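Residue strings, one per chain:
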Amino acid sequence: MDRDGWVSIDFIIAFMIIILTIPSITAIISDRLDTVSSVREIAEARILEENIAGIIEMVYSGGVGCSYRIKMPPKIANKSYTLKINSTGVYVMFKNHIGTVFITPIKISDSKYNSNILLEPNKNYNISNIKFGDKYNGILIEKI
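From a predicted model like this one, the values you see are computed outputs, not experimental measurements.

Peer 1: Please clarify how the sheet that holds strand 2 (residues 82-86) should be interpreted in this entry.
Peer 2: Each strand in a sheet pairs with another by means of backbone hydrogen bonds, the pair being arranged parallel or else antiparallel. Here four strands make up an open sheet; going across it, the order is 4-3-2-6 and the pairing antiparallel. Of all strands in the sheet, those with a lone pairing partner are strand 4 (97-102) and strand 6 (117-119), marking the two edges. The average undirected angle you get between the axes of adjacent strands in this sheet is 20°. With three bridges joining them, strand 2 and strand 6 adopt antiparallel strand pairing. Following the sheet pairing, Leu 83 is matched in strand 6 by Leu 119.

Structure representation (structure tokens):
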């Protein structure tokens, strides 16, 4: 009878240890899943920045008359965003994050000759290489 009593106490102690460790393991898993989601959001923003910067570089290197049409995605990882372009880079702002991709310093403007351009989600844009005066080329970004 004593032997059976020890087995049940050992079982109870082992069961209590398991019950106490499950919440900590669950918390670790939940934290890891949040980190994965955050990394996915940042990766999608980075991909968008890199694509826009690559298109600008491609159009600029293509010479006068080269153009490219792009449709902005409606959201980044189901979150709203703001994309800003100026002569030094492409900047994506979302969920208290700011990502930057630097480009070749060139004159960039929109149809109203603003040098800080905001690209809106789910809109179409035409990115063109045009002549600004007689001396240099630049990039014109127009909403279509």
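Peer 1: Where do I start with a nonpolar patch on the surface in this structure?
Peer 2: A cluster of nonpolar side chains, namely Phe 11, Ile 12, Phe 15, Met 16 and Ile 19, defines an oily patch on the protein surface of about 510 Å² accessible area. Within the element layout of this structure, Ile 12 appears in helix 1 (residues 2-62).

Peer 1: Help me understand the nonpolar core, please; the structure alone is not making it clear to me.
Peer 2: By size, the foremost hydrophobic cluster in this structure holds 27 residues, and its most contacted members are Ile 52, Ile 56, Leu 83, Ile 85, Ile 108 and Ile 141. Within the residue set of this core, elements represented by two or more residues are helix 1, strand 2, strand 3 (89-94), strand 6, strand 7 (124-132) and strand 8 (136-143). Of the residues forming this core, the biggest block, seven residues, is contributed by helix 1. Excluding residues within four positions of it along the chain, Ile 108 makes contact with Ile 56, Ile 85, Asn 86, Ser 87, Ile 103, Asn 114, Ser 115, Ile 117, Ile 139 and Ile 141.

Peer 1: Please explain the sheet that holds strand 1 (residues 67-71) as it appears in this structure.
Peer 2: The strand order across the open sheet built from four strands is 1-7-8-5, with neighbouring strands paired in mixed fashion. This sheet does not close on itself; its edge strands, each paired only once, are strand 1 and strand 5 (107-110). Ignoring strand direction, the axes of neighbouring strands in this sheet form an average angle of 25°. Of the strand pairs in this sheet, strand 1 and strand 7 are connected by five bridges, and their pairing is antiparallel. Opposite Lys 71, over in strand 7, you have Asn 124 as the bridge partner.

Thresholds, definitions, all that
Numbering of residues starts from 1 in each chain and follows the order in which that chain's sequence is written. Local features in a predicted model are, by the rule used here, given only for residues with pLDDT of at least 70; side-chain atom pairs are given and counted only at 80 or more, and totals for whole chains, interfaces and linings are based on all residues. Values reported for side chains reflect all heavy atoms of the structure, with hydrogen atoms and water molecules removed beforehand. If DSSP finds at least two bridges between two strands, the strands pair. Each helix is a run of DSSP H or I of at least 4 residues and each strand a run of E of at least 2, with the numbering of both proceeding from the N terminus. All axes are obtained by fitting lines to C-alpha atoms, using only the stretch in contact for helices, and the reported angles, taken between N-to-C directions, cover 0 to 180 degrees. Only residues whose relative accessible area exceeds 30% and that take part in no salt bridge are eligible for patches, with like-charged residues grouped when within 9 Å of each other and nonpolar side chains (Val, Leu, Ile, Met, Phe, Trp, Tyr) grouped when within 5 Å. Each accessible area is a Shrake-Rupley result for a 1.4 Å probe, and residues are judged covered by the shown protein chains and nothing else. Each salt bridge in this description consists of a side-chain nitrogen of Lys or Arg and a carboxyl oxygen of Asp or Glu lying within 4 Å of one another. To qualify as a nonpolar core, a set must consist of buried Ala, Val, Leu, Ile, Met, Phe, Trp, Tyr and Cys residues joined through side-chain atoms within 4.5 Å. Exposure is judged per residue with a 1.4 Å probe applied to protein chains only, and the accessible area is read against the type maximum: over 50% gives exposed, under 20% gives buried, and values in between give partly exposed. In this analysis, two residues are considered to be in contact whenever any of their non-hydrogen atoms come within 4.5 Å of each other.

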